[in-house]
Amino acid sequence: MRRTEGHLPEFINPKFADETRTAFKSPARLECMMQDYPKVLSSSARVGFTRYPLEFGYFPCKNDIATAARLSAAGVPPHGAASSEAAVYHANCTLLRLLGADVAPPECRTWRGGTQEVGPAVVLSPSFAPCFSELRLKLPAPGRVRISLRSNLLLDGDGIVVESLDLDGALTVKAAPGVQLHIRCASTVRNAGCEFVALTDEEQRGEAPEELRIRGYRLVRHEVKEVIVADPGLYELTDEGLARLDANGDTEAREQGAPRKAEPMFQRPCRLAAGRFHLGRAPLGPRALAALVAGASALLVAAAFANPGAPAPARSSLARRRSSTGSSELRGDEVVAVFGATGRTGRLVVDELLRAGCKVVAPVRNASKAAEVLTEDERLVILPSDDEAIRVACSQASAAVWCAEGEDVAAVGAALAEHGPREGGLPRVVMCSSAAVTRPTWSDARKQRMPGAADIPIVRLNPGDILGGKRKAEDLLRKSGASYAIVRPTGLKDGSTGSCGRSSLMMSASWT
């Protein structure tokens, strides 16, 4: 900057009216191009560039409809309103195809602005999936998603998850903040849909609004299935319509119109229960899944101590986050009880807490194992696990993380409930449960609505009724009187090494 004083080479870029180049279409102007910037750098400067597929981020709308038609006829990208709109739909369709969804390929259509490829009109709002990694989490089974050529699809809302959808028509789904909506349509969603229709000559000359004339067509809505959910809660959209679910995943009410106002999912939910982690019966949201992939311990610690107004952590270490997000963060004077500390998840939770500057008290059954697997740290206190240890640990701790089995979580909750509410509405107890704890008791009708969901190894085998035990422990925690957060992760693995060079717990390969 000192050498160039911010100046870049400039040039005159005239816009001629026609091939004779005798008249300007618009006043000529001086321009400089961003790609000329490296030319002002010294020969020793390190210069690099990144190539990005044009179809995912280059949708210029800079030419009028007549210019766009002329460029299109010459085999040049028209960069008009119609091509820009079609490019957005094409990008969204391409992302869905990359995941494995069956999306019909585009066909060539000619508008007044020239010939272009037109496929299904798919709009994925930023609130639904701002990037490809989050879109993967919103389509857990992309092979069950099919969109025909004539279809129009709009998805708007962070809590929407598309588990199965066969669309041949028009569908609009909007979910307000706090709404968890699962689309599970086994049969084809078919209706008259929408149609792009070319403007008549009279409309093009001025009868139609300008936003249509710059495109050369209008969208005619013949029939659209609209699902708009405004009240927070857990819902599913199936062939039978929209239904509100209770905390156990059972249908409370099925309505074709607007659902009734949702009741609280839990007896005494903390603010995180309906927040970004989507704790409880609902599956983990994108940000929580990112934290879980980075390290399950990070998710448990984050659920217990993260500021509800701050973004969720995307990596396993919380130490980086301690300085800037407020008093609800992990604090050096925080004492946390960890139950199940010698297990695979528990030991990583202990590591995260110590790494973040907390003191940890860990009741354990096997002291020799604890000495072998837990970090040696003066801030870690190990107690023999019994009823007295629970009382002592909870009297010293401000919160607890439950990574163990059994029903003692009720005693933990009752003991911590005596401390009263935590600052900021945060939970006193964070419990690591398991996905699918309700599925062994699903009705036959529910299993038929979601084929394959209950036919997975952990549900089929359910060794020692482990799922039933965890569900019972959840119920006991809910009745304990303590504020809480329940995490239901899918199958966890160890043996992976995170970017910080230490072992972390990973989800199954399909999520990583």
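Model, not experiment: these values are computed from the prediction.

1. With respect to the packing of aromatic side chains
Two numbers describe a pair of aromatic rings. These are the distance of the centres and the angle of the planes.
Then step 1. The full count for this structure, using the stated rule, is 5 aromatic pairs.
Then step 2. Plain terms: the ring middles of F196 and Y217 are 5.3 Å apart, the flat faces sit at 80° to each other, and that makes the pair edge-to-face. In this pair, F196 is assigned in strand β14 (residues 193-198) and Y217 in strand β15 (residues 217-223), connecting sequence segments 21 residues apart.
Then step 3. Ring centres 5.5 Å apart and planes at 35° place the aromatic pair F339 and W402 in the tilted group. With a gap of 63 residues between them, F339 in strand β20 (residues 335-339) and W402 in strand β23 (residues 399-402) connect regions that are remote in the sequence. Here the two residues F339 and W402 agree in accessibility, since each one is buried.
Then step 4. Three or more aromatic residues joined by ring pairs form one cluster here, namely Y89, W111, F196 and Y217.

2. Regarding the pairing of strand β11 (residues 160-168)
Then step 1. Across the 9 residues of β11, 8 count as buried, placing the element largely inside the fold.
Then step 2. The pairing of strand β9 (residues 145-147) with β11 spans 3 bridges and is classified as parallel. When the bridges of β11 are listed, I147 appears paired with L167.
Then step 3. The pairing of β11 with strand β13 (residues 179-190) spans 7 bridges and is parallel. Paired with V161 across the two strands is H182, which belongs to β13.

3. A word on unusual backbone geometry
Then step 1. At R21, a position not held by glycine, the phi torsion is positive, near 55°.
Then step 2. Tracing the sequence through the fold places R21 in the loop between β2 (15-16) and β3 (24-26).
Then step 3. Notably, H79 is not glycine yet its phi reads approximately 50°, a positive angle.
Then step 4. Looking at the secondary structure, you find H79 in the loop between α1 (65-73) and α2 (81-99).

4. Some details on the environment of R213
Then step 1. Inspection of the secondary structure puts R213 in helix α5 (residues 210-213).
Then step 2. C-alpha of R213 to C-alpha of A82: the two residues are 131 residues apart in sequence and 9.9 Å apart in space.
Then step 3. Once you skip the residues sitting within four places of it in the chain, R213 turns out to touch I65, L199, E203, Q204, G206 and A208.

5. Notes on the pattern of salt bridges
Then step 1. Per the stated rule, a full pass over the model turns up 20 salt bridges.
Then step 2. We note a salt bridge from E85 to R215, for which the minimum N-O separation is 2.6 Å. In this pair, E85 is assigned in helix α2 and R215 in the loop between α5 and β15, connecting sequence segments 130 residues apart.
Then step 3. D201 serves as the salt-bridge partner of R112, at 2.6 Å between the closest nitrogen and oxygen. With a gap of 89 residues between them, R112 in the loop between β6 (107-111) and β7 (114-118) and D201 in helix α4 (residues 201-207) connect regions that are remote in the sequence.

6. A few points about the confidence of the model for the protein
Then step 1. The pLDDT averaged across the protein works out to 77; a share of 78% of its residues lies at or above 70.
Then step 2. Ignoring residues within four places in sequence, the model shows residues 305-330, a span with pLDDT below 50, making 71 contacts including any to other chains.
Then step 3. Note on residues 494-512: pLDDT under 50 across the span, and 54 contacts to partners over four residues away in sequence or across chains.

7. Some thoughts on helix α10 (residues 387-396)
Then step 1. Taken together, the buried positions of α10 are occupied by A389, I390, A393 and C394. Projected onto a plane normal to the axis of α10, the buried residues spread over an arc of 120° and lie on a single side.
Then step 2. Tucked inside the fold, the buried residues of α10 contact β20, β21 (359-364), β22 (380-384) and α11 (409-417).

Calculation criteria
- Residues numbered from 1 in each chain as written.
- Predicted model: local features only at pLDDT ≥ 70, side-chain atom pairs only at ≥ 80, totals over all residues.
- Heavy atoms only, no water.
- Phe/Tyr/Trp six-rings, centres within 6.5 Å; stacked < 30°, edge-to-face > 60°.
- Helix = DSSP H or I, 4+ residues; strand = E, 2+ residues; numbered from the N terminus.
- Buried < 20%, exposed > 50% of the residue type's maximum accessible area, 1.4 Å probe, protein only.
- Pairing = 2+ DSSP bridges.
- Contact = heavy atoms within 4.5 Å.
- Salt bridge = Lys/Arg side-chain N within 4 Å of Asp/Glu carboxyl O.
- pLDDT = per-residue confidence, 0-100.
- Arc of directions from axis to C-beta.

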